[in-house]
Amino acid sequence: MTREIIVDDTYARTLHRIETAIAGEADANRAMFETVRILEESLPDYAWVGVYLLYGNELVLGPFVGKPSPHTHIPLGRGICGAAATEKTTIIVDDVNADPRYLACSVETRSEIVVPIMQEGEVLGEIDIDSDRVAAFGERDRRLLERVASLLAPRLATLPR
Ligand code: SME
């Protein structure tokens, strides 16, 4: 019970910090970078946090925190990232090694969540997070990150494409 309250408080505080950061940052790239930085800093299971931007049929890696990824350009049909953008829905993978779609970024990664950033039904990009723990992501993460995606969407819409 106590742990639940602490965890919920961490999510609420993280969302509040991100809301404040995005509201105070006019530059879209800096707003994205602040967002990934706050997420990685606030939630210990979030080992790699990045934003991909959709250009045509390709996801291109934007601001991220964590080890450099070999997957800087992902075609829509590939990976968990490509699936989330194509299906226009959040995907949570509890065990990446059991998912044939998975494109490996780090050998330590065990689970992943990908949340599309959408405006008026159109995918502009996505938030991608890897954890070193199996099944690290649940409903709290989905709720937090879908809210963050909706805050980022109007900013991504201002970027040239
Ligand atoms: N794992 C992703 C690729 C991106 S890296 O995790 C940064 C995927 O399967 O699409």
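Residues numbered from 1 in each chain as written. Predicted model: local features only at pLDDT ≥ 70, side-chain atom pairs only at ≥ 80, totals over all residues. Heavy atoms only, no water.

Novice: Explanation requested: the overall build of the protein chain in the structure shown.
Specialist: The secondary structure content of the protein chain amounts to four helices and six strands. Counted from the first residue to the last, the protein chain has its helices and strands arranged as α-α-β-β-β-α-β-β-β-α. Computed over C-alpha atoms, the radius of gyration of the protein chain comes to 15 Å, within 12% of the 15 Å expected from 2.2 N^0.38 for 161 residues, which places it in the range of a compact globule. For the protein chain, the spread of C-alpha atoms along the three principal axes comes to 45 × 40 × 30 Å. Relative to its 161 residues, the protein chain shows a buried fraction of 50%. Summarising the internal contacts of the protein chain: among those between residues at least 6 apart in sequence, 54% fall at separations of at least 24. Of the accessible surface of the protein chain, which amounts to about 8,000 Å², a share of 53% is contributed by carbon and sulfur atoms. (Helix = DSSP H or I, 4+ residues; strand = E, 2+ residues; numbered from the N terminus. Rg over C-alpha atoms; globule rule 2.2 N^0.38 Å. Buried < 20%, exposed > 50% of the residue type's maximum accessible area, 1.4 Å probe, protein only. Contact = heavy atoms within 4.5 Å. Areas by Shrake-Rupley, 256 points an atom, 1.4 Å probe, with all protein chains shown as cover.)

Novice: Sorry, what's going on with the pattern of salt bridges here?
Specialist: Oppositely charged side chains are able to pair whenever their charged atoms sit close together. Per the counting criterion, the structure on display carries 12 salt bridges. Between Glu146 and Arg142 there is a salt bridge, with the nearest N and O atoms lying 4.0 Å from each other. You can see Glu146 and its partner Arg142 sitting in helix α4 (residues 139–156), four residues apart, about one turn around the helix. Classification of Glu146 as partly exposed rests on a relative accessible area of 35%. Arg142 gets classed as partly exposed once you look at its relative accessible area, which sits at 24%. (Salt bridge = Lys/Arg side-chain N within 4 Å of Asp/Glu carboxyl O.)

Novice: Whenever I open this one, the environment of Glu40 confuses me. Can you help?
Specialist: Mapped onto the fold, Glu40 is located in helix α2 (residues 28–42). When its relative accessible area of 30% is taken as the criterion, Glu40 is described as partly exposed. Residues Glu40 and Gly24, 16 residues apart in the sequence, show an inter-C-alpha distance of 19 Å. Once residues within four sequence positions are removed from consideration, Glu40 is found in contact with Tyr46, Ala47, Val49 and Val65.

Novice: Would you mind going over the side chain of Asp141 with me for this structure?
Specialist: Position of Asp141 relative to the elements: it lies in helix α4. At 6.5 Å, Arg140 is the nearest oppositely charged side chain to Asp141, a buried residue that forms no salt bridge. A distance of 2.6 Å separates a polar atom in the side chain of Asp141 from a polar atom in the side chain of Tyr11. Beyond its immediate stretch of four places on either side in the chain, Asp141 contacts Tyr11, Tyr46, Ile113 and Ala136. (Lys, Arg positive; Asp, Glu negative; His and termini not counted. Polar contact = N/O pair within 3.5 Å; in protein donor to acceptor, adjacent residues only side chain to side chain.)

Novice: Is there a simple way to think about the environment of Phe64 in this case?
Specialist: By the element assignment, Phe64 lies in strand β2 (residues 58–65). Note: C-alpha distance between Phe64 and Leu145 (81 residues apart in sequence) is 15 Å.

Novice: Sorry, what's going on with the site of the ligand here?
Specialist: Lining the immediate environment of the ligand, one finds 13 residues, of which Ile80, Cys81, Leu103, Glu112 and Asp130 sit closest. In the environment of the ligand, an oxygen atom lies 2.9 Å from a nitrogen or oxygen atom belonging to the backbone of Ile80. Across the complex, the protein chains shield 100% of the 310 Å² of accessible surface that the ligand would expose by itself. At the level of secondary structure, the elements contributing two or more residues to the shell around the ligand comprise β1 (48–55), α3 (79–87) and β6 (122–131). At three residues, the largest contribution of residues to the shell around the ligand is made by α3. Looking at the shell around the ligand, its residues break down into eight nonpolar, two polar and three charged. (Near = heavy atom within 4 Å. Nonpolar A, V, L, I, M, F, W, Y, C, P; charged D, E, K, R; others polar.)

Novice: Please explain α2 as it appears in this structure.
Specialist: Every α-helix carries 3.6 residues per turn, so stepping three or four residues along brings you back to the same face. Across its 15 residues, α2 extends 21 Å between first and last C-alpha, which sits within 8% of the 21 Å expected from 1.5 Å per residue. If you check which residues of α2 are buried, you get Ala28, Ala31, Met32, Thr35, Val36, Ile38, Leu39 and Ser42. Here the buried residues of α2 occupy an arc of 160° about the axis, which is enough to place them on one side. Regarding α2, its N-cap is Asp27, as a side-chain oxygen of that residue lies 3.2 Å from the backbone nitrogen of Asn29 further along. (Expected span 1.5 Å × (residues − 1). Arc of directions from axis to C-beta.)

Novice: Whenever I open this one, the state of the cysteines confuses me. Can you help?
Specialist: Such a bond, covalent and formed between the sulfur atoms of two cysteines, is termed a disulfide. Per the counting criterion, the structure on display carries zero disulfides. Take Cys81: it sits in no disulfide, and the sulfur closest to it among the cysteines is that of Cys105, at 9.0 Å. (Disulfide = S-S within 2.5 Å.)

Coordinates in, geometry out; function isn't part of it.
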